[in-house]
Amino acid sequence: MPVLPPDFVRNMTRLLGGETDRFLRSYDEPRSYGLRLNRLKLDERHSLIPALTGLFGLRPVPWCPDGYFYEASARPGRHIYHAAGLYYIQEPSAMIAAELLDPVPGETVLDLAAAPGGKTTQLAAKLRGEGLLVANEIHPARAKILSENVERLGIPNAIVTQAAPQELSARYPETFDRVLLDAPCSGEGMFRKDPEAIAEWSEEAVETCAQRQRDILPHAAAMLKPGGTLVYSTCTFNTLENEETVADFLQRFPEFRLLREERMWPHLGQGEGHYAALLRKDDVSQEQGRRPAGMPARREGGKPRKGKGAEPPEASALSSYVAFAQESLPGFRLPPHGQPLVFGDALFWLPVPPGSAVTPASLRGLKVPRPGLHLGDIRSGGRFEPNHSLAMAIPAEAARFAADFPAGSAEAAAYWHGESLPAPPGAKGWGLAAVDGFPLGWVKASDGQCKNRLPKGLRSP
Ligand code: SAM
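Calculation notes
Residues numbered from 1 in each chain as written. Predicted model: local features only at pLDDT ≥ 70, side-chain atom pairs only at ≥ 80, totals over all residues. Heavy atoms only, no water. Near = heavy atom within 4 Å. Polar contact = N/O pair within 3.5 Å; in protein donor to acceptor, adjacent residues only side chain to side chain. Areas by Shrake-Rupley, 256 points an atom, 1.4 Å probe, with all protein chains shown as cover. Helix = DSSP H or I, 4+ residues; strand = E, 2+ residues; numbered from the N terminus. Nonpolar A, V, L, I, M, F, W, Y, C, P; charged D, E, K, R; others polar. Axes fitted to C-alpha atoms, helices over the stretch in contact; angles between N-to-C directions. Parallel < 35°, antiparallel > 145°, perpendicular 65-115°, else oblique. Left-handed = near helix turned anticlockwise from the far one by under 90°. Contact = heavy atoms within 4.5 Å. Phe/Tyr/Trp six-rings, centres within 6.5 Å; stacked < 30°, edge-to-face > 60°. Buried < 20%, exposed > 50% of the residue type's maximum accessible area, 1.4 Å probe, protein only. Lys NZ or Arg CZ within 6 Å of the ring centre and 35° of its normal. Pairing = 2+ DSSP bridges.

So, on to the site of the ligand. Contacts to the ligand come from 17 residues, most closely from Gly118, Glu137, His139, Arg142 and Asp182. A distance of 3.3 Å is found between an oxygen atom of the ligand and a backbone nitrogen or oxygen belonging to alanine 115. Within the contact set of the ligand, an oxygen atom lies 2.7 Å away from a side-chain nitrogen or oxygen of arginine 142. Relative to its unbound accessible area of 600 Å², the ligand is 84% covered by the protein chains. At the level of secondary structure, the elements contributing two or more residues to the shell around the ligand comprise α6 (118-127) and α10 (203-222). Looking at side-chain class alone, the shell around the ligand contains nine nonpolar, three polar and five charged residues.

Attention shifts here to the packing of α10 against helix α11 (residues 243-252). Packing of α10 against α11 brings their axes to within 10 Å, and their N-to-C directions diverge by 45°. Compared by their axis directions, α10 and α11 come out oblique. Handedness of the crossing formed by α10 with α11: right-handed. Residue-level inspection shows Ala210, Gln213, Arg214, Leu217, Pro218 and Ala221 of α10 in contact with α11, the latter providing Glu244, Thr245, Asp248, Phe249 and Arg252. Across the contact of α10 with α11, the residue classes break down as five nonpolar, two polar and four charged.

This part is about the packing of aromatic side chains. Going through the model one piece at a time under the given rule, you end up with 20 aromatic pairs. Judged by centre distance (5.9 Å) and plane angle (75°), the rings of phenylalanine 324 and tryptophan 442 are edge-to-face. Here phenylalanine 324 is found in helix α12 (residues 313-328), whereas its partner tryptophan 442 is found in strand β19 (residues 438-446), with 118 residues between them in sequence. When sorted by exposure, phenylalanine 324 lands in the same class as tryptophan 442, which is buried. Clustering of aromatic rings is evident, with ring pairs tying together Phe8, Phe23, Tyr27, Phe191, Trp201, Phe237 and Trp265. Sitting above the plane of the tyrosine 33 ring, arginine 31 keeps its charged end 4.0 Å from the centroid.

Another point: the sheet that holds strand β18 (residues 429-435). With mixed pairing, the five strands of this open sheet are ordered in space as β16-β18-β19-β20-β17. Two strands close off the open sheet at either side, each with one partner strand: β16 (402-405) and β17 (421-422). For β16 and β18, the ladder comprises four bridges, and the chain directions are parallel. Residue pairing in the sheet places phenylalanine 405 in a bridge with valine 435 of β18. Sitting on the sheet, helix α15 (residues 410-417) is in contact with β16, β17, β18, β19 and β20 (449-452), with an inclination near 80° to β19.

Okay, here's the thing in structure tokens:
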């Protein structure tokens, strides 16, 4: 058993009473490992699922239909299927929060504290590519990891922002059908997984976290539409950051009701522990003064690219993309809702449903690491170069050709390593490299060779 802070043990004894010994004995057990299959790529009946089950020793997580426990020795994070975005490694109890929020395709959803992206990718799978998911993370380095995970899992309808909660709530009052606040917390449920969480724990840290949660929650609430639902979750055990934070919130915001509360405990189930509360906002007009006022729009970050004369840059960028797609992506159509957006040389497809308050103008002045699906970049002479994100968001069959190899083959390993591949007969220009039918990235074929266009940072060591 790790050495636990005495104040933590005392608090848990007060909370759990006769159950405390059983709880403390869970620290002698090995931690649990989980992954969630990516339904954007693998539907429930996909023929690869039995193979994955055998390969990683998968066993279903009872509270999450796409979740599985895996054997520690299986190391799915190192497998080429991970690079292909077939699953997301996620602590099993953490899967409860997005299950509780349970968005449906077409909704507008906000994940306010989203990095590294476990719950974002889970919410995206539930949206099935329809509707809009805004995934926000305040810390720049963590926002980058979040954005990479959104890319790897091939999520076509997500915008990644890097903002403080108050910056977002000023722009998006009553905008989202569902909001998740997976709050920064004292991480008591991380103790088996991460010994540093033990070293960082103190009663003062718990109090600081509780105060921060009470500061963030009103912003999450302000962005929810009347009648919408909000999940507040943490991976900690103390009541100050959980039930008491929710009770304090309900007292300050009587338009909210508590619908359900879930506690996951490491001694009562398989998982590290989690808390999640599902709240609904009444469908009546809000009192004045609760909502932060709108902020003036201002653009920073990526510089808008000037088009020729009065033509917006989006028009010429989109025609470059269309020329590329006609030749190289005969089986892919841009999502029906949305609009093109140019940031510098980059062309994105902003996945906004009709009437949404999340418009290009509303994003001005915000840091937006990923304003939708990154289609590609406009090179000299208007030449279009597809981005890796597009490869991950489309099926292999959408491309003019795919160099497809089985997992475990020398060719699949060589592509992942950054090497060229032999081109399929007659292949020319842009195509995909794939493993067992799932895209890994772009290739460019000429003279019987496929040049490797997998970004350097994503290649296997
Ligand atoms: N939902 C994520 C997932 O499932 O992968 C985990 C989120 S983690 C529990 C909480 C996040 O809140 C961290 O990424 C942290 O950087 C962020 N955070 C820290 N301080 C914050 C603040 N004041 N406002 C908003 N987010 C904050």
